[in-house]
Amino acid sequence: MSDTPLNRAASATPPSVARKIRGLSDRAIAWIFVGPTIFLLLAINIFPLIWTINLSFTNFRANRPNREVEYVGLRNYERILNDSDIWLNMQATAHFLFWTIFFQVLIGFTLAYLINKKFKGNDLWTTIIVLPMMLSPAVVGNFWKFLYQPQIGLFNYIVAFFTGKEPSSFEMLGSVDLAPWSIVIVDTWMWTPFVMLICLAGLRSIPDYIYEAAEVDRASKLRQFFTITIPMILPFLMLAVLFRGIENFKMFDLVVQLTGRGPGSTTELTSINLKREAFEKWRTGYASAYAIILFVTVFGLASIYVKALNKVKER
Amino acid sequence: MKTFKLASASAIALAAASFAGSAQAEELTLCWAAWDPANALVELSKEFEAQSGHTMSFEFIPWPNFADRMLNELNSGGKLCDLLIGDSQWIGGGAENGHYVKLNDFFDAEGISMSDFADATVYAYSTWPKGSENYYALPAMGDANGWFYRKDWFARDDIRAAFLEATGRELGEPQTQKEMLEIAQFFQGREIDGQTVYGAAIFTERGSEGITMGVTSALYPWGFKYENTPGSYDMEGAVNSAEAVEALEFYKEFYETATPPGYTNSYMGESLDAFKSGQVAMAMNWFAFFPGLYADPNTGGDKIDFFVNPPQNQAGSTLGGQGISVVAYSDKQDAALEYIKWFAQPDVQQKWWDLGGYSAHKAVLESPDFVDSAPFAGDFLEAMGAVQDFWQEPAYAELLLAMQKRIHDYVVADQGTAQEALDKLIEDWTETFEDEGKL
């Protein structure tokens, strides 16, 4: 028997234990290893999910444990799907998701493309660009609130400098038209570096010889970009979209800090509304139904998207 | 031997005494909002510590998170707080959900009479159901929404002359809501000492209770009612009456024409900041802040004065303030009750007022010196004579959030009409009361 760590461990195993293990099938040993994980998964994920589904058909309120719980059938689901305010929250969420992902991918990819070139101070610029994503969303929300302040805010002065408008003539956080864009701008500022890093990893994974072969074939830079760079980086871009989509669907802290979900309900995203229903109004049954609807929506969309991502990877 | 026996007896007696002391002395935690009066209460409570042997610790939560944090604490049966100075609107939930200890037997045993406290405060802070004689709190801090203004600006000849020319009347404390708007509009965008100033700071906050507390300061003077008949939950024609619609339109006009730019999500802190930075001529805020404002070295003293929320169709002020309750989940209820007994004494209540707290004890309020004891004392008395409070139902949080949304959507986000906002509010509240089984 060679002196490997495995053999040493085997010989160090007490005979009684070894006998017991030898008596178990491979399948049983496999269950012993995966059992705790499955148990935890059931306890932490599956059971709460089933419990939430159960609660979604009731009028349960977590702040009234002594109140009789009644099954109300599909009433919670009907109320949610017929509530025009919730559809407005959905629209606000869709607006936020679409435009943040659009700008982050566009700017993130452009930055990655530029940073990927070799130039002096490359590392320094990379560090500076990724700084925003290292900050706490609460901190970012607070200081952008000052930047957006109509009388003293730097943002308004910069816009005024370029447009000739009075700095206090527009309110980024107070205007119904501008507030949705104000949160898009801040989220883009904060998370574009994340997309840039993923794109950078993608760009650096493209072997140089492919470009060299294209040079030999006299392919133009533009042609190389569209036929080599874009197709090879697409899986990375799609991954970035998936990550940012999931993150932004549950966006809460940044928006609450920035706009307090206003003006009116203009920036009340679904996650904010859900938290309000569950933990401020304490409509637990109703909020459970709301959570299930959101879960099914995200799960459905993510499944379709992951399938598309796998197809792109296979190409 | 005799000496040994004596020493032993002394040691045993000393040990017994110290044991007895440590068995009785408790560390009580009092929970409240983090604001000026809380600091005064810390100072006041030192006397209780010295007298009782108990030690006091305090958990003060910033206002925007106060309700959220404390209601979660109560709902989860938490033992963080032995004593809670909770908002008046929590009394229904506190009583019905068993969070607060009912104090009737304790009051009877200790000879504490609720008739010693101002009637409006007993009704608002202590009783549930409303108007009954079931007491769940002792009135701790009387409060209402009032106004303060730049007395030095109002006294300047150039400004007075400009105001007279613009409006045809003398500049002074407003006697009606509409006069107040006129004054605020006069100051809006005016240059004073080379600085652009604005009319007034009002409440527009969306997340907790801000805009509701602000708008009710207009609704109540117009004659707003929550129900046609108290206790009936019959809201149609009361909540959305013609007067209520007019008051809501008035508040929107106030927000649009007489507040600083970017004033879209502002509550107590922002109102104080706007005033102290010399940005506004007037501001609304709770009387609780007035001692601190008067003491401010830059904008207090001779530069400030105070007035009660002006009437329109009738007098009306939004009620603030809180009662002090014993939390039912506390293991130290006896010591907590001792604190309430101590706090209810007239001399302690007088010190409470002297330190900057707003006593609700008649011995303080009806004292001949009271009105002259502070520049805002008379206004406080006047305000407390015409206060109205929000729903105090167990479902108060749900009712409040609905109003926050409907009012902010209309006033700040400019969506729909005042009539639509109030109609939708009735729909929301009806749904809540149906869920509660009250409709």
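Quantities reported herein were computed from a predicted structural model and do not represent experimental measurements.

Enquirer: Mind showing me how you'd approach the nonpolar core here?
Expert: Taken as a class, soluble globular proteins show a tendency for nonpolar side chains to be buried jointly. Formed by 135 residues in total, the largest nonpolar core has its most connected members in Leu83, Ala184 and Ala283 of chain B. If you tally residues by element for this core, the top one is helix 18 (residues 396–411) of chain B, at ten residues. No fewer than three residues from each of domain 1 (27–143 + 320–388) and domain 2 (145–318 + 395–435) of chain B sit in this core. When neighbours within four sequence positions are excluded, Ala184 of chain B is seen to be in contact with Gly199, Ala200, Phe254, Ala258, Ala281 and Met282 of chain B. In terms of nonpolar packing, the next biggest core, distinct from the first, is built from 33 residues, Phe109, Ala179, Met196 and Leu200 of chain A among them.

Enquirer: What am I meant to see in the sheet that holds strand 9 (residues 304–308) of chain B here?
Expert: Backbone hydrogen bonds hold the strands of a sheet together, and the pairing may be parallel or antiparallel. Residue and element names in this part refer to chain B. Taken in spatial order, the five strands make up an open sheet running 6-7-8-5-9, and their pairing is mixed. Looking at strand neighbours, the two that pair on one side only are strand 6 (190–192) and strand 9, the edges of this open sheet. Strand after strand, the sheet turns through a mean of 40° between neighbouring axes, direction not considered. Judged from the five bridges that link them, strand 5 (residues 145–150) and strand 8 (residues 280–286) form a sheet pairing that is antiparallel. Residue Trp147 lies in a different strand from strand 8, and its bridge partner there is Met284. Contacting strand 5 and strand 9, helix 17 (residues 377–384) crosses the sheet at an angle of about 15° to strand 9.

Enquirer: What am I meant to see in the domain arrangement of chain A here?
Expert: Domains assigned within chain A are domain 1 (5–40) and domain 2 (78–314). A separation of 47 Å is found between the C-alpha centroids of domain 1 of chain A and domain 2 of chain A.

Enquirer: Help me out: how do you make sense of the confidence of the model for chain A in this one?
Expert: Parts of the model with low pLDDT should not have their predicted coordinates read in detail. Residues at a pLDDT of 70 or more form 97% of chain A, whose mean pLDDT is 90. Mean pLDDT values for the elements of chain A range from 68 in helix 2 (residues 15–22) of chain A up to 96 in helix 9 (residues 179–204) of chain A.

Enquirer: What is the right way to look at the packing of helix 11 (residues 221–249) of chain A against helix 14 (residues 284–314) of chain A in this model?
Expert: Residue and element names in this part refer to chain A. Direction vectors running N to C along helix 11 and helix 14 enclose 170°, while the axes themselves pass 9 Å from each other. One finds that helix 11 runs roughly antiparallel with respect to helix 14. Contacts between helix 11 and helix 14 involve Leu234, Pro235, Met238, Leu239, Leu242 and Phe249 on the former and, on the latter, Val298, Tyr305, Leu309, Val312 and Lys313. Counted by class, the contact of helix 11 with helix 14 contains ten nonpolar, no polar and one charged residues.

Enquirer: Any chance you could explain helix 5 (residues 84–115) of chain A here in plain terms?
Expert: In an α-helix there are 3.6 residues to a turn, and that puts residues three or four apart on one side. Residues and elements named next belong to chain A. Compared with an ideal rise of 1.5 Å per residue, which puts 32 residues at 46 Å, helix 5 spans 46 Å between its outermost C-alpha atoms and is within 8% of the ideal. Those residues of helix 5 lying buried are Asn89, Ala92, Thr93, Phe96, Thr100, Ile101, Gln104, Val105, Gly108, Phe109, Leu111 and Ala112. In the core, the buried residues of helix 5 are packed alongside helix 6 (122–130), helix 9, helix 11 and helix 13 (270–279).

Cut-offs and rules
- Residues numbered from 1 in each chain as written.
- Chains lettered and ligands numbered in written order.
- Predicted model: local features only at pLDDT ≥ 70, side-chain atom pairs only at ≥ 80, totals over all residues.
- Core = buried A, V, L, I, M, F, W, Y, C linked by C-beta atoms within 7 Å.
- Buried ≥ 20, exposed ≤ 12 C-beta atoms within 10 Å, placed from the backbone.
- Helix = DSSP H or I, 4+ residues; strand = E, 2+ residues; numbered from the N terminus.
- Domains from an automatic or database assignment.
- Contact = placed C-beta atoms within 7 Å.
- Pairing = 2+ DSSP bridges.
- Axes fitted to C-alpha atoms, helices over the stretch in contact; angles between N-to-C directions.
- pLDDT = per-residue confidence, 0-100.
- Parallel < 35°, antiparallel > 145°, perpendicular 65-115°, else oblique.
- Nonpolar A, V, L, I, M, F, W, Y, C, P; charged D, E, K, R; others polar.
- Expected span 1.5 Å × (residues − 1).

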